[in-house]
Amino acid sequence: MAMSQAHRPSALKQQNKKHRTLGHKSKSSIAKSNKGRVAAKNLSKKIKFELNREQRKNQAKQIRASKKEEAAFRKRSLGTQFKPPFLVSVVPLSPSINPRSVLVALGECDEGATVSTSPQGITHISSQRFKQRFSFVIPPANDLYAILDSVKTSDTLLLLWPGEEELGGDADLLLSSIMAQGLPTPVHVVTDLEELAQKEGAVGQEMETDELEQDLGSKLSLDPQPTHFKPHKKHQMKQNLIKEIETRFPGSAKLHTVEKPQDALLILRHIGAQKQRPIFFRDNRPHIMAEKLEFLPEGPTGTLRVHGYLRGKPISVNGLVHIPGWGEFQMSAISIYQADPYPLDRRGKEDNMIGAEIRLLGEADSNIQETLISTNEVDPMEGEQTWPTEEELAEAEKFTAPKTRTKRVPKGTSDYQAAWIVDSDNEEGSIGDDEDDGDDSNMEEYAPVDAISQDGMSQDDGNDEDEESDEEYETVTVTENEGANYDEKVDYGEEMGALQKMREAREDAMFPDEVDTPQDVAARIRFQKYRGLQSFRTSVWDPNENLPLDYSRIFQFEDFQRTRKRVLREETYGAEPGGYLMIDVKEVPHHLYKEHIATHSPLVMFGLLPHEQKMSVVNFVVKSHPQGHFRPIKSKERLIFHLGFRRFANCPIFSEHTTGNKHKFARYFHPGSTVVATMFAPITFSPASVLVFRERADGAQDLVATGSLLSVDPKRIVTKRVVLSGHPFKVNRKTAVVRYMFFNREDVMWFKPVELRTKWGRRGHIKEPLGTHGHMKCFFNGQLKSQDTILLNLYKRMFPKWTMDPFVARPPPLYTFHTAHHSDSDDEEEEEAQQPSRKRSKMVKFVS
């Protein structure tokens, strides 16, 4: 029997990796290794509860129910018995549309409705069918400001569209302004669709072959036949108009007509049942559309008595009110009508409210009433004194004083002769100093004469020689003039000619911030307000440094966002919204009331939140509008701003809309760009819409930009950049001689601490000046190219000017009406040709 042998593995046996347990520890092993230690982040981390499926469904149901309740509350807060009626602004988009005919159709559609008109021309309709009240206001169709003011306080915007006419530039301007200001809930109505369909589809058009026999048979008959038109013509025109509306307004559009009483009744139902669009600056402030105005004169001023429904928030008699175009005013008293002048049910009530009882709600208390003070009193002795002290001036003179050195010269030598005597050490090392990259021997300071002799030997080695030469030499202090012989090697006349040609060659390629260094004025004087920054993003710039005097007149918040939240959260005690009030506004100029009566425009009034009458630095984000912005706008050009409920003129400065604490100044606001406009303006709590208009010489206004309020922040730093450029004259390994950036030696020394950069990405600094004509040796982090350009960036903070003007002239009428008699006149055609044409939008015809 053979003996069994044990199995021996070969050298090629597979070796498996061992199981590593370090990365797959169990919870018990981890707890045992930690020994009770817990990380600090786990202690401070909030416990997150994960919801299961049923809990998530319940949470979504609660959110949906709260939103429904909020929408229902918003609907119930308008149009009912004890709430203000729906305020509807009727705006026609063509001068040929008569808005009064639409109001007549709406008033006659419901037989049980009561129609009345206020002294200011507002039509009130009280519908018993819907148990709702409606107020319709028709601003002048030619007045852009009147339409915008009416839309600011309206709940619904009733737009009357033309069926066939083109929408010109005026209607496009009106729609763009309304959309940018804040669009209420829109309702679209077309008035002449039936007439246009009959005109287009009347007999005489091309007909189909199968309709021809029927038409001929009807004509042979002696009976009178009605006018024929295609049934689909009206529907096709309506669909074309709906497509145009959907391109301008968000969401699906619904177009109404007023051909039948049922159509007008459907419009009233739609106004009362649709969801209201929120507008922040309107919903968070009390506002009134004036139903009746009375003026009690008291000299040049007087008391304006405003009657109307209060909407929005409660109003306090000790607060302030703002009338667009007029300014801020104080109130003297607030009264309320005991009976509503335009109730939902007039049965058993008198139509007129002459004997209506008025109850006083409150009178202003001078001790707690808000003041009209908008600026601080300037104290010239208060604030930081930035003028340098005597010690700082003495220290600065040490660095700017010319360098001096001590020489041993023969007796009787003048200062001029001593300057030409060359030391033996300098003579040996003077050759090739300009070409030696790492030689800094010329920057070493000389030791005193009593320590080192002129020939480089110490005093101990040559005492005997020094004693003999003391009688022949004397010590003279002369001014050091480095590079005195450098000017002899350069022809500066030829350089000036080359410089002029180079400027002309690169004139189109220069970027906007690059400027030429003046030759008649020293650069250190021309750019004395500028400074250099090592990094535009990270370098520190004190926002309270060297502020102008106007900054002492404004108000500033420690934390604007926290103040905004606190102000909006506070409850105002006073007259509640929904009541018909009589508000006495005191010290109103008489001429403003006369101008308003002449315009026949509606008057709206807003209550101000705390601090909104005070001045500060306000920043707007505005985007170019393609309709009116077709040429650049320079900074500090006068523009007209519509900020929320305010309207004023100002001259802003523009800057880039970027992140960070420093923002680059923009000299121009170019078409198609977005910038930040900074100016002195009244404080307004965001969000608020912004419209920007530019006024022409003839008074017409173009919409150039739209945007919103960014912040109220006087500490926003707007920096203007200036770039000085130079060109390499001699290029070594890491050094180069640069010229054309400065033209004297003192300027080179002044800007020596500022970092240099090149267009090809090199960075460096000024090492030393060469000569007296502005040449300088510069050190870079790499070798330069001969075609590279050396740049030096300087920055200066820009501040807005105090150019706030609260009174703005109204623009000319939007539409121009001509009769048939004057339309053929040659004189009229010449005047129209001389007038500047408004930029027109795309013309659209709503027919097939």
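Sequence order as written defines the numbering, with residues in each chain counted from 1. In keeping with the predicted nature of the model, local features appear solely for residues at pLDDT of at least 70, side-chain atom pairs appear and are counted solely at 80 or more, and the whole-chain, interface and lining totals rest on all residues. Remark: hydrogens and water are excluded; side-chain values derive from all non-hydrogen atoms of the structure.

Caption draft 1: Representation of the environment of E637 within the structure. Helix and strand assignments follow DSSP, with helices taken as H or I runs no shorter than four residues and strands as E runs no shorter than two, numbered in order from the N terminus. Among the secondary structure elements, E637 is positioned in the loop between β20 (633-634) and β21 (639-643). Through-space distance from the C-alpha of E637 to that of C651 is 5.1 Å; in sequence the pair is 14 residues apart. Residues within four places of E637 in sequence aside, it is in contact with R631, N650, C651, P652 and R694. By the convention used here, residues are in contact when the closest approach between their heavy atoms is within 4.5 Å.

Caption draft 2: Broad picture of the packing of helix α5 (residues 144-153) against helix α6 (residues 169-181). For every element, the axis is a line fit to its C-alpha atoms; helices are fit only across the contacting stretch, and the angle between N-to-C directions ranges from 0 to 180 degrees. Where α5 contacts α6, the two axes come as close as 11 Å, and the packing angle between them is 35°. The two elements α5 and α6 meet at a crossing, and its hand is right-handed. Each of L144, I147, L148, V151 and K152 in α5 lies in contact with α6, whose residues at this interface are L173, L174, S177, I178 and Q181. Taken together, the residues of the contact of α5 with α6 break down into seven nonpolar, two polar and one charged. Note on convention: the crossing is left-handed when the near helix lies turned anticlockwise from the far helix by less than a right angle, right-handed when the turn is clockwise. Here the term charged refers only to Asp, Glu, Lys and Arg, the term nonpolar to Ala, Val, Leu, Ile, Met, Phe, Trp, Tyr, Cys and Pro, and the term polar to all other amino acids, Gly among them.

Caption draft 3: Spotlight on the pairing of strand β1 (residues 86-92). Along β1, seven of the seven residues are buried, which leaves the element largely enclosed by surrounding structure. Residues F86, V88, V90 and P92 point to one face of β1 and L87, S89 and V91 to the other, with burial holding for every one of them. At least two DSSP bridges between two strands are required for those strands to pair. Note: β1 against strand β4 (residues 132-137), four bridges, orientation parallel. By the bridge assignment, L87 is partnered in β4 with S135. Across five bridges, β1 lies against strand β5 (residues 156-161) in parallel orientation. If you follow S89 over to β5, its bridge partner there is L157. Accessibility here uses a 1.4 Å probe with only protein chains present; expressed as a share of the type maximum, an area under 20% marks a residue as buried, one over 50% as exposed, and anything in between as partly exposed.

Caption draft 4: Inspection of the pattern of salt bridges at higher detail. In what follows, salt bridge is the name for a side-chain nitrogen of Lys or Arg lying within 4 Å of a carboxyl oxygen of Asp or Glu. Summed over all chains, the structure comprises 25 salt bridges. Measuring nitrogen to oxygen at the nearest pair gives 2.7 Å for the salt bridge that ties E244 to R248. With E244 and R248 both in helix α9 (residues 231-248), this residue pair falls four residues apart, about one helical turn. With a relative accessible area of 21%, R248 lands in the partly exposed category. Note that D747 is salt-bridged to R524, the shortest N-O span being 2.9 Å.

Caption draft 5: A look at unusual backbone geometry. Here the amide bond leading from S686 into P687 is cis, since omega sits at 0°, within 30 degrees of zero. Mapped onto the fold, P687 is located in the loop between β26 (674-682) and β27 (689-695). In the Ramachandran plot, H600 falls in the positive-phi region, its phi being about 55° despite a non-glycine side chain. Examined against the element boundaries, H600 turns out to sit in the loop between α19 (590-599) and β18 (604-607). Phi is positive for H611, which is not a glycine, with a value near 75°. Structurally, the position occupied by H611 is in the loop between β18 and β19 (615-624).

Caption draft 6: Representation of a negative patch on the surface in the model. On the surface, E390, E391, E392 and E395 cluster together into a negatively charged patch. Relative to the elements of secondary structure, E391 occurs in helix α12 (residues 390-400). Candidates for patches are residues over 30% relative accessible area with no salt bridge; among them, like charges are joined within 9 Å and nonpolar side chains (Val, Leu, Ile, Met, Phe, Trp, Tyr) within 5 Å. Computed with a 1.4 Å probe, the accessible areas rest on the Shrake-Rupley method; for each residue, only the protein chains presented here act as cover. Counted charges follow a simple rule, with Lys and Arg positive, Asp and Glu negative, and His plus the chain ends left uncounted. A single reference atom marks each charge: NZ on Lys, CZ on Arg, CG on Asp, CD on Glu.

Caption draft 7: Spatial organisation of the nonpolar core. Here the nonpolar core consists of buried residues drawn from Ala, Val, Leu, Ile, Met, Phe, Trp, Tyr and Cys, with membership extended through side-chain atoms lying within 4.5 Å. The biggest cluster of nonpolar side chains holds 34 residues, and the ones touching the most others in it are L159, W161, L174 and I178. Elements represented by at least two residues in this core include exactly α5, β5, α6, α9 and β27. When sequence neighbours within four positions are dropped, the list of residues in contact with L159 reads V91, L93, L175, V187, H188, V189 and F249. In this structure, L639, A666, I683 and V712 belong to the second largest nonpolar core, which totals 28 residues.

Caption draft 8: Looking closely at the confidence of the model for the protein. Mean pLDDT for the protein: 79, with 74% of residues reaching 70 or above. For residues 817-848, every residue scores under 50 in pLDDT, and the model assigns this stretch 50 contacts once sequence neighbours within four places are set aside. pLDDT expresses how confident the predictor is about each individual residue, on a scale running from 0 to 100.

Caption draft 9: Structural context of the sheet that holds strand β7 (residues 255-257). An order of β2-β3-β4-β1-β5-β6-β7 is seen for the seven strands of this open sheet, with the pairing classed as mixed. Only two strands of the sheet have a single neighbouring strand rather than two, namely β2 (114-117) and β7. On average, adjacent strands in this sheet sit at an angle of 30° to one another, irrespective of strand direction. Across six bridges, β5 lies against strand β6 (residues 185-190) in parallel orientation. Bridging across to β6, L158 finds its partner in V187.

Caption draft 10: Highlighting the packing of aromatic side chains. Only the six-membered ring of Trp is used, alongside the rings of Phe and Tyr, when aromatic pairs are assigned; centres must lie within 6.5 Å, and planes under 30 degrees apart are stacked while those over 60 apart are edge-to-face, with the rest tilted. What the rule picks out here adds up to 20 aromatic pairs. Between Y551 and F799, the aromatic rings sit 5.4 Å apart at their centres with planes inclined by 80°, giving edge-to-face as the arrangement. Of this pair, Y551 sits in the loop between α17 (523-526) and α18 (560-569) while F799 sits in the loop between β34 (790-798) and α21 (820-823); the two residues are 248 residues apart in sequence, bridging distant segments of the chain. The residues Y551 and F799 share a single accessibility class, namely buried. An aromatic cluster of at least three residues, connected via ring pairs, comprises Y309, Y337, Y342 and Y580. Put simply, a charge is over a ring when the Lys NZ or the Arg CZ is close to the ring centre, within 6 Å, and near the line of the ring normal, within 35 degrees. Positioned over the ring face of W802 is R553, at 3.9 Å from the centre of the ring. Lying over the aromatic face of F555, K614 brings its terminal NZ or CZ to 4.9 Å of the ring centre.

Caption draft 11: Seen up close, the pairing of strand β11 (residues 320-323). Of the two faces of β11, both are covered, the one formed by L320 and H322 as well as the one formed by V321 and I323. Pairing geometry for β11 and strand β12 (residues 327-337), over four bridges, is antiparallel. Across the sheet, residue V321 finds its bridge partner in β12, namely F329. If you look at the hairpin formed by β11 and β12, you'll find three residues sitting between the two strands, and G325 has a positive phi there, around 90°. Examined bridge by bridge, β11 and β18 share two bridges and lie antiparallel to one another. In the strand pairing of β18, H322 is matched with F606.

Caption draft 12: Up close: the environment of P589. Among the secondary structure elements, P589 is positioned in strand β17 (residues 580-589). You can call P589 partly exposed: its relative accessible area is 22%. C-alpha of P589 to C-alpha of T303: the two residues are 286 residues apart in sequence and 8.8 Å apart in space. If we ignore the near neighbours within four places in the chain, the residues touching P589 are F295, P300, T301 and F329.

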